[in-house]
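# Understanding the architecture of this molecule
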Amino acid sequence: MAAEFTLIGVGAMNSPRYRPAGLLVTHQRHRVMLDGGGASVPAPPVDLWLVCDARAELMPQIRRYGRGLNVEPVIKDFHAGGLVVEPLPVVHTSHPTFGYLVQVSGRRVVWAPEFWEFPGWARGADLMFADAAGWRRPIRFARGVGGHAAVSATADQARRHGVGRLVFAHIGRPVIRAIDAGQEPPVRGVGSRGPRLPPVTRPTARTFGVRGDAERPWRAEATSVNVDVEVMKRRHRRGVRADP
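Everything numeric in this text was worked out from a predicted model, so none of it was measured.

### Overview of the nonpolar core
Counting 52 residues, the largest nonpolar core has F5, L34, W111, M128 and F129 as its most contacted members. Excluding residues within four positions of it along the chain, L34 makes contact with A21, G22, L23, V25, L50, V85, Y100 and W111. Listed in part, the eleven residues of the second largest apolar core include L24, M59, I62 and V71.

Structure follows, in structure tokens:
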């Protein structure tokens, strides 16, 4: 059975347009939620709710929702039925924060919605969901304690690190403004929408993971990664809200 990676939300915490970034990983009978909060809440049942930042501002909401699902949001690893989810450190702020490496069916998928420096452990990933808070410039936190990388730099680093497919989540206001204005990232690529991911040597820098009405899953199989990609710019040109 293929693993499914469903984006529950793709926005930054206070996004004016999108729900907070969250990913639901499903394999066999196991369901693991990564981040979310706000309106990004998985339907039951859920085996485990994992978070990247135990001190994030959305944690009170996530804990409340977790109680309703009989799970306690934590930072830990998960091993069951051939699915491995492992927290790995990222440079983001003054306290410890993490991303997650998901390994299933011989594939490596990275969930890293917030980071200041591109995580080296994402090297060679088949699929990466990455921070998209900044556009051409990074967002630096006060007193120089970290921040968010820029889409342009992340696309370049993903290519250098051999990432097969790059999907931007945690979409921030600078990125929303840039795309609404018709701007394009300096590293070009074409977002694809189809049943199978062909071999690629470069990440698709114009691909944004946008939750659609059908909430179609990304699938990871032993021989390929099947994807359903929405190119955010095209949706806005049609005047379609990607996320209610």
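Now that the structure is up, let's keep going.
### Re the pattern of salt bridges
Taken as a whole and judged by the stated rule, the model has four salt bridges. Linked by salt bridges that have partners in common, D156, R159 and R160 make up one network.

### Details of empty space enclosed by the protein
Evaluation of the coordinates by the stated rule reveals two cavities of 30 Å³ or more. Size it by volume and the second largest cavity reaches roughly 30 Å³. Lining the second largest cavity we find C52, D53, V90, H92, T97, F98 and E114. For the lining of the second largest cavity, the residue count by class is three nonpolar, two polar and two charged.

### Some details on the layout of surface pockets
Gaps between atoms show up when a probe of the same size as a water molecule is rolled over them. Approximately 640 Å³ is the volume found for the largest pocket. Together, 31 residues line the largest pocket, and M13, E57, E114, H148 and H170 are the ones closest to its centre. Looking at the lining of the largest pocket, its residues break down into 15 nonpolar, ten polar and six charged.

### Some words on the sheet that holds strand β12 (residues 165–171)
Spatial ordering of the open sheet is given by β5-β6-β7-β8-β9-β12, a layout of six strands whose pairing is mixed. In the strand order of this sheet, the two ends are held by β5 (78–80) and β12, each with one partner. Ignoring which end each strand starts from, the neighbouring axes of this sheet average 20° apart. Here β5 pairs with strand β6 (residues 83–90) via three bridges, running antiparallel. Looking across to β6, one finds that H79 is bridged to V84. Contacting β9 (127–132) and β12, helix α2 (residues 151–160) runs over the sheet at an angle of about 155° to β12.

What counts and how
- Position numbers for residues count from 1 along each chain, tracking the sequence in the order it is written.
- In keeping with the predicted nature of the model, local features appear solely for residues at pLDDT of at least 70, side-chain atom pairs appear and are counted solely at 80 or more, and the whole-chain, interface and lining totals rest on all residues.
- Heavy atoms throughout the structure, all of them, feed into the side-chain values; hydrogens and water do not.
- In this text, buried Ala, Val, Leu, Ile, Met, Phe, Trp, Tyr and Cys residues form a nonpolar core when linked through side-chain atoms within 4.5 Å.
- Here the term buried applies to any residue with accessible area under 20% of the maximum for its type, exposed to any over 50%, and partly exposed to those in between, with areas from a 1.4 Å probe on protein chains only.
- Whether two residues are in contact is decided by their heavy atoms: any pair within 4.5 Å suffices.
- Take a side-chain nitrogen of Lys or Arg and a carboxyl oxygen of Asp or Glu: if they are within 4 Å of each other, that pair is a salt bridge.
- Here a cavity means grid points, on a 1 Å grid over the protein atoms only, where a 1.4 Å probe fits yet cannot get out; a pocket means an open set of points with protein on both sides within 12 Å along at least five of seven lines; lining residues are those with an atom within 4 Å of a point.
- Grid points are joined across faces, edges and corners, and a volume is the space filled by probe spheres set on the points.
- Residues are grouped as follows: nonpolar covers Ala, Val, Leu, Ile, Met, Phe, Trp, Tyr, Cys and Pro; charged covers Asp, Glu, Lys and Arg; every other residue, Gly included, is treated as polar.
- Pairs of strands are assigned from DSSP output, requiring at least two bridges between the strands.
- Numbering goes from the N terminus for both helices and strands, where a helix is a DSSP run of H or I of at least four residues and a strand is a run of E of at least two.
- Orientation is described by lines fitted to C-alpha atoms, with helices fitted over the stretch in contact, and by angles between N-to-C directions that extend from 0 to 180 degrees.

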